[in-house]
Amino acid sequence: MSKLPKLGIMGSGSGSNCQSIYDAIQSGELQAEIAVVMSDNPDAYILERAKAWGVPVEVINCDGFKTKFPEECQAAVGARMKEYGVDLICLAGFMRLVKQPLLNAYPDRILNIHPSLLPNFPGLHAWAQAVEAKALESGCTVHYVDAGMDTGPILGQAVVPVLPDDTAESLHARIQVQEHLLYPAIIKKVLNELV
Ligand code: GAR
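Note that this is a predicted model, so its numbers are computed, not measured. (Residues numbered from 1 in each chain as written. Predicted model: local features only at pLDDT ≥ 70, side-chain atom pairs only at ≥ 80, totals over all residues. Heavy atoms only, no water.)

Draft legend 1. Molecular detail of the overall build of the protein. Looking only at helices and strands, the protein has six helices and seven strands in total. Moving toward the C terminus, one meets the helices and strands of the protein in the order β-α-β-α-β-α-β-α-β-α-β-β-α. For a compact globule of 195 residues, the expected C-alpha radius of gyration is about 16 Å, and the protein comes in at 16 Å, within 12% of that figure. Viewed in the frame of its principal axes, the protein has a C-alpha envelope of about 50 × 40 × 30 Å. Residue burial in the protein is summarised as follows: out of 195 residues, 50% are buried. Within the protein, residue pairs in contact and separated by at least 24 positions form 63% of the contacts whose partners lie at least 6 positions apart. Total accessible area computed for the protein in this model is approximately 9400 Å², and 55% of it derives from carbon and sulfur atoms. Between the mean site of the 15 positive side-chain charges and the mean site of the 22 negative ones, the protein shows a separation of 4 Å. (Helix = DSSP H or I, 4+ residues; strand = E, 2+ residues; numbered from the N terminus. Rg over C-alpha atoms; globule rule 2.2 N^0.38 Å. Buried < 20%, exposed > 50% of the residue type's maximum accessible area, 1.4 Å probe, protein only. Contact = heavy atoms within 4.5 Å. Areas by Shrake-Rupley, 256 points an atom, 1.4 Å probe, with all protein chains shown as cover. Lys, Arg positive; Asp, Glu negative; His and termini not counted. Charge placed at Lys NZ, Arg CZ, Asp CG, Glu CD.)

Shown next, in the form of structure tokens:
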């Protein structure tokens, strides 16, 4: 790829993973550009971060649904991503299920980061699931997105031990330290392999 590859980032919350991607770009570690940051939550801090960087932001229309991501809305996101010239979509704490309309627009070009060692603890609050299950270790996974919930092919993982006195919050904080290292590194690898 001769020009800088463009990332489209989608998140619902704080955006610390988006921040780690931005920081890797700023430091020269990751050769890419964030073309747009989109959120289904108009109040998400991820949008504030992106605005401060001068990156375009968009609020995703979900037709008023709290958790559903209607098909026509997914198609609209795919079309907007194309308009921004996005090469790779990175889900960074995006809490709705991506399905066919968006997957078809970006086949094998949507990544997700999940806070567990998949296939263990898919779904919501994976860090709390690990503490609840008294797992000895958890971690994070970057994977391609498919139509399932946290089921796509795994690209990389980092292990985080679960300590005897861990709370859900303390475990999540240590998992996030690893997420912030893993995600930019895997994005770099995937971009290097894009033709
Ligand atoms: C991250 O821990 C991410 O792995 C998780 O949400 C958090 C978002 O944090 N994602 C999921 O649980 C997706 N199933 P951030 O907004 O600070 O990046």
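Draft legend 2. Focus on the nonpolar core. In terms of nonpolar packing, the biggest core is built from 42 residues, with Leu-7, Ile-9, Ile-21, Ile-34, Val-37, Tyr-183 and Ile-187 touching the most fellow members. Sort the elements by how many residues they give to this core and helix α6 (residues 168-193) lands first, with nine residues. Counting residues in each nonpolar core, the second largest holds 20 residues, with Ile-60, Met-81, Val-86 and Val-98 among its members. (Core = buried A, V, L, I, M, F, W, Y, C linked by side-chain atoms within 4.5 Å.)

Draft legend 3. Up close: the site of the ligand. Close to the ligand lie 13 residues; Gly-15, Ser-16, Asn-17, His-172 and Glu-179 are nearest. Ser-14 is positioned with one of its backbone polar atoms (N or O) 3.3 Å from an oxygen atom of the ligand. Taken by itself the ligand offers 450 Å² of open surface, and the protein chains cover 92% of this. Elements that contribute at least two residues to the shell around the ligand include exactly α1 (16-26), β5 (110-114) and α6. Among the elements that take part in the shell around the ligand, α6 stands out by supplying three residues, more than any other. (Near = heavy atom within 4 Å. Polar contact = N/O pair within 3.5 Å; in protein donor to acceptor, adjacent residues only side chain to side chain.)

Draft legend 4. Structural context of the environment of Val-142. With respect to the helices and strands, the residue Val-142 is situated in strand β6 (residues 137-144). Taking relative accessible area as the criterion, Val-142 reaches 0% and is therefore assigned buried. A sequence separation of 13 residues divides Val-142 from Leu-155, and the C-alpha atoms of the two residues are 5.6 Å apart.

Draft legend 5. Here's a closer look at the pattern of salt bridges. Across all of its chains, the model carries six salt bridges by this definition. One salt bridge connects Arg-80 with Glu-58, and the closest N-O pair in it is separated by 2.5 Å. Taken as a pair, Arg-80 in helix α3 (residues 71-83) and Glu-58 in strand β3 (residues 57-59) lie far apart in primary sequence, 22 residues in all. Assessed through its relative accessible area of 30%, Arg-80 is described here as partly exposed. When its relative accessible area of 17% is taken as the criterion, Glu-58 is described as buried. (Salt bridge = Lys/Arg side-chain N within 4 Å of Asp/Glu carboxyl O.)

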